[in-house]
Amino acid sequence: MTQQPGSSTAADPDQPVDGPSAGETTVPAGSPAAALLALLALGWLAAMLWSTRAAITSAQAGVTAVSLSAYALPGVISAALVAGGGMALAGTNLLARRGVDRATLRFVTATGVGLLVGLLTAVTINLFYADNATTNVIAGTTAAAAVVGGALAGARNARVVGAMVAATLTVLVFVVAFSRVRDPLFELYGGGGTQEAMVGAARWVSRTESLLAGLVAGVVAFGYLHLARRRALRRDPEAPADRWPAYLVAGAGPGLLLLLTEVVLRIGGRSLLDLAAALSEADAVAQTTLGTSRLDNGIWVLFVGALTAMIAFGRTLGPTPANDEDEDEPADG
């Protein structure tokens, strides 16, 4: 095209304009190590299902089996949430690699993968557990949790979802590992005296566990997003960086999933909890205490994780560059 004198393009040579060409598509950013997270989450779910089955099978009486099932159900639900989310994240990553960036298709795919994980888990429970009402409650609630986890993985920002899955899985492993030091901490906090001292020591042990779990959640969430950012920069130096809300949501994600576990438990597993609470007065008190403790733990992990991730993100921010010239001084003529 002939350039006219005085036009805005007269001084510019005929060069291609920067940016993607007409036939070039921008591949949406995926979540790093999604396949690895999916495998680890499935492995954790299998481990929780196996340990729950072993505990129920070892029970000599039906009453004991009901009580053990109620105690183990929260761990199975949280594992199913993470497994559904991890597998759905791997599925949506495949869509991203193919250049598919439609929100509706992403959500439908993630929910479908979570549904598949839930159905396979329910079938496994019905095949290898004893055939009774307790087994049906565990299977149905676990399947529902996997579907919910898959639906959550259909969110737009795959990196934040990956950070939430990685941090939550780490927190679940940490809680199991922390059980080995509960007794020494209980004695350290003075739990060997009166009943009031025992209650106070148990409260401090629970708070210590929640505080440390929140710190772990925030550090892992920040580390995952930081590594995802470095990977994105290697692929595209002009890739936009995640802002502080992404780190806030990722750090709070494990606490949110723990609270969501409690919601699924109280809706889908209500019949099993009521059956366990009706066994005796001590079981009723234990179920109430455990429910309150799980809620407190989720809230602590939510706030501590979010605060930790935000502090870690703030430390990566450099100082604002100062102006070289004082704007108040008049410019030289």
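Above this text is the structure in question.
Scoring rules and cut-offs
Numbers given for residues are sequential positions, taken from 1 along each chain in its written order. Selection of residues for local features in this predicted model requires a pLDDT of at least 70, selection of side-chain atom pairs for listing and counting requires 80 or more, and totals for whole chains, interfaces and linings are taken over all residues. For the side-chain quantities, the full set of heavy atoms in the structure was used; hydrogens and water were omitted. Helix and strand definitions follow DSSP, with helices as H or I runs of at least four residues and strands as E runs of at least two, each counted in order from the N terminus. The cut-offs for exposure are 20% and 50% of the maximum accessible area for each residue type, with area from a 1.4 Å probe on protein chains only; residues under the lower value are buried, those over the upper are exposed, and the others partly exposed. In what follows, residue pairs with any heavy atoms lying within 4.5 Å of each other are defined as contacts. A patch consists of residues whose relative accessible area exceeds 30% and which take part in no salt bridge; residues with like charges are grouped when within 9 Å of each other, and nonpolar side chains (Val, Leu, Ile, Met, Phe, Trp, Tyr) when within 5 Å. Computed with the Shrake-Rupley method and a 1.4 Å probe, the accessible areas treat only the protein chains shown as cover for residues. When a carboxyl oxygen of Asp or Glu is within 4 Å of a side-chain nitrogen of Lys or Arg, the pair counts as a salt bridge. Counted charges follow a simple rule, with Lys and Arg positive, Asp and Glu negative, and His plus the chain ends left uncounted. Where a charge sits is defined by one atom per residue type, namely NZ (Lys), CZ (Arg), CG (Asp) or CD (Glu). For this analysis, a ring pair means two rings from Phe, Tyr or Trp (six-membered ring only for Trp) whose centres lie within 6.5 Å, classed as stacked if their planes differ by under 30 degrees, edge-to-face if by over 60, and tilted for the remaining angles. Should the NZ of a Lys or the CZ of an Arg lie within 6 Å of a ring centre and within 35 degrees of the ring normal, that charge is described as sitting over the ring.

Quick look at the environment of threonine 52
One can find threonine 52 in helix α1 (residues 34–58). Look at threonine 52 and you get buried, because its relative accessible area is 3%. In this structure, the C-alpha to C-alpha distance between threonine 52 and tyrosine 129, residues 77 residues apart in sequence, is 9.4 Å. Threonine 52 has contacts with Ala72, Val76 and Tyr129, leaving out every residue within four places of it along the chain.

Observations regarding the side chain of threonine 208
Along the chain, the position of threonine 208 falls in helix α7 (residues 195–235). When neighbours within four sequence positions are excluded, threonine 208 is seen to be in contact with Phe178, Leu185 and Tyr189.

Brief notes about unusual backbone geometry
Here alanine 33, not a glycine, exhibits a phi torsion of approximately 55°, which is positive. Looking at where alanine 33 falls in the secondary structure, it is placed in the segment before α1.

What about a positive patch on the surface?
A cluster of basic residues, Arg97, Arg230, Arg231, Arg234 and Arg235, forms a positive patch on the protein surface. At 4 residues, the largest contribution of residues to the positive patch is made by α7. Position of arginine 230 among the secondary structure elements: in helix α7.

So, the packing of aromatic side chains
Using the criterion set out here, one finds 4 aromatic pairs in the structure. With a centroid separation of 5.9 Å and an interplanar angle of 40°, the aromatic rings of phenylalanine 222 and tyrosine 247 are classed as tilted. Of this pair, phenylalanine 222 sits in helix α7 while tyrosine 247 sits in helix α8 (residues 244–268); the two residues are 25 residues apart in sequence, bridging distant segments of the chain. Accessibility classification places phenylalanine 222 together with tyrosine 247 in one group, the buried group. Between tyrosine 247 and phenylalanine 313, the ring centres sit 4.4 Å apart and the planes meet at 25°, which makes this aromatic pair stacked. Taken together, the residues tyrosine 247 in helix α8 and phenylalanine 313 in helix α10 (residues 281–315) connect sequence positions 66 residues apart. Like phenylalanine 313, tyrosine 247 is buried. In textbook terms, an aromatic cluster arises when at least three aromatic residues are bridged by ring pairs, as seen for Phe222, Tyr247 and Phe313. Geometry around tryptophan 204 places arginine 207 over its ring, the cationic atom sitting 5.4 Å from the centre.

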